[in-house]
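Per-entry structural report
If you want the building blocks of each chain, they are given just below.
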Amino acid sequence: MDNMTFVLFGGTGDLARRKIYPALFNLYIDHKMPESFSIIAMGRKEQSHADFQQIVAKSLQTFSRRGANDPAVMDAFLQSIRYSSLNVNNVEDYSKLRGLVESREKELNISGNRIFYLSVAPEFFETIASNIKESGLDSISGWKRLIIEKPFGRDLESARHLNEELSKVFEEEEIYRIDHYLGKPMVQNLEILESSNPILKALWSNHHIANVQITASEIVGVEERAGYYDNSGAIRDMVQNHMLQLLMMISMRLPRKSDASEVRMKKKNVMKSLRPLQMEDIAKNVIRGQYTAGRIQGKPVAGYTDEPNVPKSSNNDTLIALRLWIDNYFWSEVPFYIRTGKRMAEKSTRIVIEFKEPLKGQTTTSDPNLLVIEINPNEGIFIQLNKKDPMNTEKLEPMRINFFSNGKEQPEAYENLIFDAVRGDSTFFAHWDEVELSWEYVQPILDAFEQDLIPLSYYPAGSNGPEASDQLLEADGFKWWLDK
Ligand code: BG6
């Protein structure tokens, strides 16, 4: 692995403390960092390197999955970190930063490979990219890479604009767009699950699959993020990125070889085959929900419009349920259902594949076979089959074959993704084509919401969403599986 400098914009932020430093530290413990590396973090505030290293130490103690019990290892890691105060609009601060990066490169014998990580609010993305260029931070002898957090634009037009601006500084191959769902171990497993299991491979098409259900439900509400969330809603926050990425991952045709360009091409093909939503179809296929007061784990909680900083009249969506169709040879006529919402009955990200032809109208009836992929917080797979009820020959009963992994032993999404970016593997990052096609798909829905063409369906906090979301499936003779 090449030696490198990790330049972190937003180094004092919440994401950095909770995810990025713990990920770097865990990679370090696992010997998955280059032999020589330097981490330079930026924030607005002036502070010394030593003070900042103590802040990182605290974040490791609190958030590192591996614990931070060995003071010598921890200290060695902290020694790789330097801090530089930076006003993102001030080019001189970038020159100062450049001086620090270069002096550390000399000290540690690092040959000019740099990762720039933008863990900042999206309004700063373009300014930072252009100041990186302006200050010469990007003129180096080695490679450069940009890791960028979501949201990548807030609609098709702004995403295109952002991409144009970034591409003045970075080539597409140098841009690593984070979608942390792509870093989740079970998501990274999807392709292997199909390709290395002939019994699944043989059944993986519209001949045998009746429908696919992708759910990402959360029990948390808007939390302290009303300023952002009330302008984004579940459609931008979850559907345009995470949910469509899950859809691509589960439905892409298997790549001949599993490298970034093949996988990304297959994913792009899925997006190109998505049946576009015409304005008149949106009301039939998209459910827009908002939570009202209810109970979460027995405790009463407020409705969305009573949450701090949410306008009382807000008609923002906190839940989306969506039916989509992939019009290609393998998936035609198979409905895919997506559902994501806040303040639902449980925290669960899962994909349920329902197989065709349960035994109906014979002497016995049975539930369909299911393949369930639990992504988060449980990580596992189960298959639902039928067996005879020993007490009643007329009846079949479902049985489940389970595999559950112990999540603690697995790397976290950010570890997987940062490791990939450090070694230059972009397979599990979103390519611009995927992002653009996702916005193209979502744009008519945004327009319909903007024009208030889709009424809000309300659901009590702690439920599985509004009735309209159940009816979406019932209309096709299906139901959401595994709802609590
Ligand atoms: C983020 C969204 O991208 O994903 C949040 O902005 C959401 O609103 C989160 O809560 C969910 O991620 P996870 O990994 O907890 O399912």
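Because the structure is predicted, anything quoted here is derived from the model rather than measured.

The rules we used
- Residues numbered from 1 in each chain as written.
- Predicted model: local features only at pLDDT ≥ 70, side-chain atom pairs only at ≥ 80, totals over all residues.
- Heavy atoms only, no water.
- Helix = DSSP H or I, 4+ residues; strand = E, 2+ residues; numbered from the N terminus.
- Rg over C-alpha atoms; globule rule 2.2 N^0.38 Å.
- Buried < 20%, exposed > 50% of the residue type's maximum accessible area, 1.4 Å probe, protein only.
- Pairing = 2+ DSSP bridges.
- Phe/Tyr/Trp six-rings, centres within 6.5 Å; stacked < 30°, edge-to-face > 60°.
- Lys NZ or Arg CZ within 6 Å of the ring centre and 35° of its normal.

Let's shift gears to the overall build of the protein. Counting its secondary structure elements, the protein contains 16 helices and 17 strands. In terms of overall dimensions, the protein is globule-like: its C-alpha atoms have a radius of gyration of 24 Å, near the 23 Å expected for 484 residues. Projecting the C-alpha coordinates of the protein onto the three principal axes gives extents of approximately 80 × 50 × 45 Å. Relative to its full complement of 484 residues, the protein shows a buried share of 57%.

With five bridges connecting them, strand β14 (residues 370-376) and strand β15 (residues 380-389) associate as antiparallel partners. Each residue of the ladder has a partner; that of Leu 370, found in β15, is Gln 384. Here β14 folds back onto β15 in antiparallel fashion, the turn holding three residues. As judged from the 10 bridges shared by β15 and strand β16 (residues 392-404), these two strands associate in the antiparallel manner. Counterpart to Asp 389 in the pairing with β16 is Asn 392. Connecting the antiparallel pair β15 and β16 is a turn made up of two residues.

We now examine the packing of aromatic side chains. According to the stated counting rule, one finds 17 aromatic pairs in the structure shown. Taking 5.7 Å as the distance between ring centres and 80 degrees as the angle between the ring planes, the aromatic pair formed by Tyr 291 and Tyr 304 counts as edge-to-face. Within this pair, whereas Tyr 291 is found in strand β8 (residues 286-292), its partner Tyr 304 is found in the loop between β10 (299-301) and β11 (319-325), the two being separated by 13 residues in sequence. Across this residue pair, the class does not change: Tyr 291 and Tyr 304 are buried. Ring pairs connect the aromatic residues Phe 25, Tyr 28, Phe 37 and Phe 77, which therefore count as one cluster. Here the guanidinium or amino end of Arg 177 rests over the ring plane of Phe 152, the centre of that ring lying 4.9 Å away. The ring of Phe 330 has Arg 253 sitting right over it, with the charged end atom 3.4 Å from the ring centre.

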